[in-house]
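Coordinate analysis (summary)
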Amino acid sequence: MATETPTDVFEEHRPMLTGVAYRMLGRAADAEDVVQEAWLRWSAADRSEVREPRAYLVRITTRLALDRLRQIQARRESYVGPWLPEPVVTDFGPTVPDTAERALLTDSVSFAVLVVLESLSPLERAVFVLREAFGFPFAEIAAALDRSEAAVRQLAGRARRHVDEGRPRYDVDPAERRDLTERFLTAAAGGDLEGLLALLAPDVRLVGDSGGKSKAPRRIVESADKVGRFLLAVARDAETVYELRFLEANGAPALLTLVDGAPDALLQVEVRDGCIQCVYIVRNPEKLRALTAG
């Protein structure tokens with residue numbers, strides 16, 4: 001049997017390492033940078049001293065992500081308008097056949113959860129991601145963070161309570177989400193305010209992320225009437241011809257609009273009790289570059 005090379009070992013764990021880094025940072029480019037740095041450290045390490053490669057790589061990646069998270073926090077504080085994570089195409093594929101595991105991975109990468117994670121301390125966020133999304137034992141998390149197991153359990157408890165309090169509870173039926181998204185777009189494009197209002201919850205919210213680089217509301221828009229009228233105004237003013245494509249982003253159906261083949265906006269809705277509770281629109285071009293049109 002051929003011996004695994006350092007590259008083989010790293011590539012085996014790369015998807016998990018990328019998943020950890022993305023959930024901690026909310027941006028694919030930052031996650032890729034962290035994973036690349038982890039590879040450089042792994043390739044230069046004395047691997048004869050490494051008994052458990054997975055634990056070693058998770059420790060490196062988590063600590064690098066923590067350093068990066070602390071560096072970008074000031075940048076987030078000066079961000080223009082509401083902040084949303086960089087959307088990523090998600091397809092966990094046949095490697096995650098278990099329904100419960102798939103649901104856990106999907107939930108932990110959702111816009112709703114990642115927005116709440118922004119309000120955690122870096123350590124709380126790291127513990128939450130490692131424990132809740134990937135099921136790492138407390139002892140292994142403690143070793144990765146160089147903290148006591150008791151301290152990690154306290155961090156995990158605080159993070160879980162905070163996320164439970166801040167995260168809205170939505171249905172996660174992909175078919176229903178897609179159906180409502182299509183009806184929502186049809187009503188908006190057709191100027192049908194009554195039809196649009198029928199799909200929106202009374203307290204619906206619209207969160208638009210442009211980073212000040214594209215047209216989007218600089219504040220969260222609230223209430224069905226305001227959200228509906230805003231969307232109709234956008235639809236009426238649009239002179240550009242858009243190409244529309246459905247895809248799965250951050251574990252849920254989403255609509256990608258393209259202009260001349262380049263991503264222009266990503267729209268996603270959260271659904272509960274048959275109504276749209278939240279509309280997310282990402283228009284920051286830097287956050288859309290990685291989305292492929294294929």
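Look above for the structure.
Structure report, in brief. (Residues numbered from 1 in each chain as written. Predicted model: local features only at pLDDT ≥ 70, side-chain atom pairs only at ≥ 80, totals over all residues. Heavy atoms only, no water.)

1. A closer look at the overall build of the protein chain
On a plain count of helices and strands, the protein chain comes out with 12 helices and six strands. For the protein chain, with 294 residues in total, the buried portion stands at 47%. Long-range contacts, defined as pairs at least 24 residues apart, comprise 66% of the intrachain contacts of the protein chain with a sequence gap of at least 6. Roughly 14800 Å² of accessible area belongs to the protein chain as shown, and the carbon and sulfur atoms make up 50% of that amount. (Helix = DSSP H or I, 4+ residues; strand = E, 2+ residues; numbered from the N terminus. Buried < 20%, exposed > 50% of the residue type's maximum accessible area, 1.4 Å probe, protein only. Contact = heavy atoms within 4.5 Å. Areas by Shrake-Rupley, 256 points an atom, 1.4 Å probe, with all protein chains shown as cover.)

2. Quick notes on the nonpolar core
Residues M24 and L117 are the most contacted members of the largest nonpolar core, which totals 49 residues. Residues within four places of M24 in sequence aside, it is in contact with T62, A65, L66, L69, R125, A126 and V129. Counting residues in each nonpolar core, the second largest holds 21 residues, with L193, V221, L231 and I276 among its members. (Core = buried A, V, L, I, M, F, W, Y, C linked by side-chain atoms within 4.5 Å.)

3. Considerations on the pattern of salt bridges
Opposite charge on two side chains makes pairing possible when the charged atoms of those side chains draw close. Counting across every chain of the model gives 21 salt bridges. Residues E118 and R125 are paired through a salt bridge, measuring 2.7 Å at the closest nitrogen-oxygen approach. Taking relative accessible area as the criterion, E118 reaches 24% and is therefore assigned partly exposed. Residue D264 is joined to R283 by a salt bridge in which the shortest nitrogen-to-oxygen separation is 2.9 Å. Here D264, found in strand β5 (residues 262-272), pairs with R283, found in the loop between β6 (275-282) and α12 (285-288); they are 19 residues apart in sequence, far enough to count as distant. Side by side, D264 and R283 carry an identical accessibility label, which is buried. (Salt bridge = Lys/Arg side-chain N within 4 Å of Asp/Glu carboxyl O.)

4. Brief notes about the sheet that holds β5
Sheet architecture is open: six strands sit in the order β2-β1-β6-β5-β4-β3, paired in mixed fashion. Both edges of this open sheet fall to β2 (221-222) and β3 (243-249), since each of them pairs with a single strand only. Looking at chain direction, β3 and strand β4 (residues 252-259) are connected through seven bridges and run antiparallel. Each bridged residue has a counterpart across the sheet, and for A249 the counterpart in β4 is A252. Packed on one face of the sheet, helix α9 (residues 174-189) meets β1 (200-209), β3, β4, β5 and β6 and runs near 120 degrees to β5. (Pairing = 2+ DSSP bridges. Axes fitted to C-alpha atoms, helices over the stretch in contact; angles between N-to-C directions.)

5. A look at the packing of aromatic side chains
Taken as a whole, this structure holds four aromatic pairs when the rule is applied. Here the aromatic rings of F111 and Y280 are separated by 5.3 Å at their centres, their planes lie at 75 degrees, and the arrangement is edge-to-face. Here Y280 lies in strand β6 and F111 lies in helix α5 (residues 111-117), a separation of 169 residues in the sequence. Where F134 meets F136, the ring centres are 6.5 Å apart and the plane angle is 45 degrees; that geometry is what we call tilted. Here F136 falls in the buried class, since its relative accessible area comes to 2%. Geometry around W42 places R47 over its ring, the cationic atom sitting 5.7 Å from the centre. (Phe/Tyr/Trp six-rings, centres within 6.5 Å; stacked < 30°, edge-to-face > 60°. Lys NZ or Arg CZ within 6 Å of the ring centre and 35° of its normal.)

Scope: geometric values only; no functional claims are made or implied.
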